[in-house]
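# Close look at the chain arrangement
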Amino acid sequence: MEFKEVIGRRRSIRFFDPDRPVEREKIQKMLEAARLASCAVNAQWARAIVGFRDELSEDQLKRLKTPVATLNVDMAPVHIHFFNDLSIVNKMQGTRLKELVDVGALAPTHGWSHKFVDDFVYPQILKPMTQGPGYPIASTFDVGIAVCQALLTGVDEGLGVGLVTLNGAVLKEVFKTPDEWIPLPTILVGYPAESWDGGGQRPRPPFEELYFEGEFGKPFKRDEKVVEELKSAKMIQEPAKPNDPKRIEEIKKLAEKYGLPM
Ligand SMILES: Cc1cc2nc3c(=O)[nH]c(=O)nc-3n(C[C@H](O)[C@H](O)[C@H](O)COP(=O)(O)O)c2cc1C
């Protein structure tokens with residue numbers, strides 16, 4: 001699939017075919033994509049544990065769920081749980097930056113050398129960063145980028161994907177994670193039981209309310225020609241409509257098929 005269409009087709013899928021297994025290689029491709037994501041100081045905070053729904057006990061599955069992540073968790077056969085390994089910066093002590101120096105990604109033209117990392121970047125920037133209150137937030141941003149690449153790869157592979165926030169304490173207990181790992185959202189993976197377009201692209205605030213140029217308050221000028229081009233490339237798609245009879249009918253049919261409340 002073309003890249004722009006992959007972005008356009010992604011929806012948070014909440015009705016999965018509970019009985020259709022996901023090919024192992026597709027899960028691997030999602031993880032491979034996560035690994036290639038850009039990451040500040042190349043630290044690589046993102047960790048993931050692939051959980052298979054059918055390997056969890058009834059009690060574990062029940063305790064993992066939250067009021068906003070319920071039936072979708074039951075329906076998805078695979079759950080990719082993401083974590084932020086906060087320990088990595090002080091374990092690596094700038095080694096991953098030095099790897100970037102060695103391959104010429106960080107060049108002497110820009111002031112980079114092993115000495116710069118050892119004498120300045122690690123002791124003056126990275127180490128103090130890990131001691132500040134904003135460290136978990138800043139590093140979680142990087143995990144989000146990895147998660148996004150995994151999500152889009154799942155879509156490209158024809159899978160249904162959707163993020164959920166599960167009970168973090170239970171995630172840590174069930175998957176026996178190290179103390180330094182912070183639990184983050186989980187990608188539910190399976191084949192969609194609902195139509196891939198799930199009623200259309202989901203509502204978003206107007207472009208002009210989100211993006212500015214020059215200064216806050218001056219909306220970035222949106223060129224309708226570009227919008228049209230992205231519609232042709234299937235990145236911008238038909239938006240989901242409130243009370244769409246077609247979507248309501250689809251949900252009713254899914255409810256009947258899977259014996260769900262309506
Ligand atoms: C980090 C993150 C956590 C989310 N957690 C949940 C969740 O617990 N339950 C849920 O139903 N949707 C969850 N979502 C999905 C959003 O609600 C979703 O993005 C929103 O419905 C917009 O629709 P779309 O993803 O289909 O474009 C989460 C999304 C993100 C990015």
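Below: a short report on this structure. (Residues numbered from 1 in each chain as written. Predicted model: local features only at pLDDT ≥ 70, side-chain atom pairs only at ≥ 80, totals over all residues. Heavy atoms only, no water.)

### Focus on the site of the ligand
As a structural note, the neighbourhood of the ligand is formed by R10, R11, S12, R14, V68, N72, L163, V164, T165, P185, R202 and R204. Here an oxygen atom of the ligand and a side-chain polar atom of R14 are 2.8 Å apart. Protein coverage of the free-state accessible area of the ligand, which is 620 Å², stands at 65%. Among the residues making up the shell around the ligand, the classes are represented as 4 nonpolar, 3 polar and 5 charged. (Near = heavy atom within 4 Å. Polar contact = N/O pair within 3.5 Å; in protein donor to acceptor, adjacent residues only side chain to side chain. Areas by Shrake-Rupley, 256 points an atom, 1.4 Å probe, with all protein chains shown as cover. Nonpolar A, V, L, I, M, F, W, Y, C, P; charged D, E, K, R; others polar.)

### Some points on the packing of aromatic side chains
Evaluated as defined, the whole model comprises 7 aromatic pairs. Measuring from ring centre to ring centre gives 5.2 Å for W112 and F116, while their planes differ by 80 degrees; the resulting arrangement is edge-to-face. Look at F116 and you get partly exposed, because its relative accessible area is 29%. Arranged with centres 5.5 Å apart and planes meeting at 20 degrees, the rings of F116 and F120 form a pair that is stacked. Within this pair, F116 and its partner F120 are both found in helix α7 (residues 114-131), separated by 4 residues, close to a single helical turn. (Phe/Tyr/Trp six-rings, centres within 6.5 Å; stacked < 30°, edge-to-face > 60°. Buried < 20%, exposed > 50% of the residue type's maximum accessible area, 1.4 Å probe, protein only. Helix = DSSP H or I, 4+ residues; strand = E, 2+ residues; numbered from the N terminus.)

### Describing a nonpolar patch on the surface
A surface patch of nonpolar side chains, about 290 Å² in accessible area, is lined by L210, Y211 and F220. Here Y211 is to be found in the loop between α10 (207-210) and α11 (224-232). (Patch = residues over 30% accessible without salt bridge, like charges linked within 9 Å, V, L, I, M, F, W, Y side chains within 5 Å. Salt bridge = Lys/Arg side-chain N within 4 Å of Asp/Glu carboxyl O.)

### What to know about a negative patch on the surface
On the surface, E208, E209, D223 and E224 cluster together into a negatively charged patch. Note that E209 resides in helix α10. Judged by relative accessible area, E209 falls into the exposed class, the value being 55%. (Lys, Arg positive; Asp, Glu negative; His and termini not counted. Charge placed at Lys NZ, Arg CZ, Asp CG, Glu CD.)

### Thoughts on the side chain of N84
Position of N84 relative to the elements: it lies in strand β2 (residues 78-85). Assessed through its relative accessible area of 0%, N84 is described here as buried. Here T140 takes part through its side chain, which lies 3.1 Å from a polar atom of the side chain of N84. Non-local contacts of N84, meaning those with residues more than four positions away in its chain, are made with W45, P136, S139, T140, V143, E180, W181, I182 and L184. (Contact = heavy atoms within 4.5 Å.)

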